Amino acid sequence: MAFKSDVVFEEIKERIQTDKEMVKKVGTSFRMTITGSDGTTKVWTIDAKSDTPYVGDDATRPVEIDINIKDSDFIAIASGKLKPDQAFMQGKMKLKGNIAKAMKLRTILDPKMLKAKL
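The rules behind each value
Every chain begins its residue count from 1, and numbering advances along the sequence as written. The model is predicted, so local features are restricted to residues of pLDDT at least 70 and side-chain atom pairs to those at 80 or more, both for listing and for counting; the totals for chains, interfaces and linings are taken over all residues. Heavy atoms from the whole structure form the basis of all side-chain values; hydrogens and water molecules are not counted. Runs of E in the DSSP output that reach at least two residues are strands. Runs of H or I that reach at least four are helices, and both are numbered from the N terminus. With C-alpha atoms as the basis for the radius of gyration, the globule rule is written as 2.2 Å multiplied by the number of residues raised to the power 0.38. UniProt positions are given in the numbering used here, feature names are shortened, and annotations may be inferred rather than shown by experiment. Cavity means a closed set of points on a 1 Å grid over the protein atoms alone, one where a 1.4 Å probe fits but cannot get out, pocket means an open set with protein on both sides within 12 Å along at least 5 of 7 lines, and lining means a residue has an atom within 4 Å of a point. Grid points are joined across faces, edges and corners, and a volume is the space filled by probe spheres set on the points.

An unreviewed UniProt entry annotates the chain as SCP2 domain-containing protein of Caenorhabditis tropicalis.

Here it is as structure tokens:
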């Protein structure tokens, strides 16, 4: 199954390599398990903490925050239709780890920075 969120992660991968200020501001790491409409899952790791920032599918890499979310809800966040804190409060996004650091996800998923049309 193709995940709509793949295009967003590809864009984050590009941005994390070039936007050193964003990496400094975020300074943490996430593992995001995305669930598709058919129940299949895909894991993305975003590491804005290491010397060499990383975005990819390495599920063995240690992270500070684990996030589980549906592909459609992730797209709603990335497009600005749903705020990450609302998604968490509504039970649409489950997370393990430091909640304060998890809020830095907003910096990475800023809809104003997104070039892809969702």
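Back to the write-up after that little detour.
Here we come to the overall build of the chain. In terms of regular secondary structure, the chain is built from six helices and five strands. The order of α-helices and β-strands along the chain, N terminus first, is α-α-β-β-β-β-α-α-β-α-α. Here the chain has a C-alpha radius of gyration of 13 Å; the compact-globule value for 118 residues is 13 Å, and the two agree. Seen along its three principal axes, the alpha-carbon backbone of the chain occupies a region of about 35 × 30 × 25 Å.

In the numbering adopted here, UniProt assigns the feature "domain: SCP2" (unreviewed entry) to residues 9-110. Secondary structure across residues 9-110 divides into 38% helix and 27% strand, with the first and last C-alpha atoms of the span separated by 13 Å.

Another aspect to go through is empty space enclosed by the protein. Tallied over the full model, the rule gives one cavity of 30 Å³ or more. Reported here for the largest cavity is a volume of approximately 40 Å³. If you trace the largest cavity, you find it lined by Val8, Ile12, Arg15, Ala78, Ile108, Leu109, Asp110, Pro111 and Leu114. Here the element with the most residues in the lining of the largest cavity is helix α1 (residues 6-18); it accounts for three residues.

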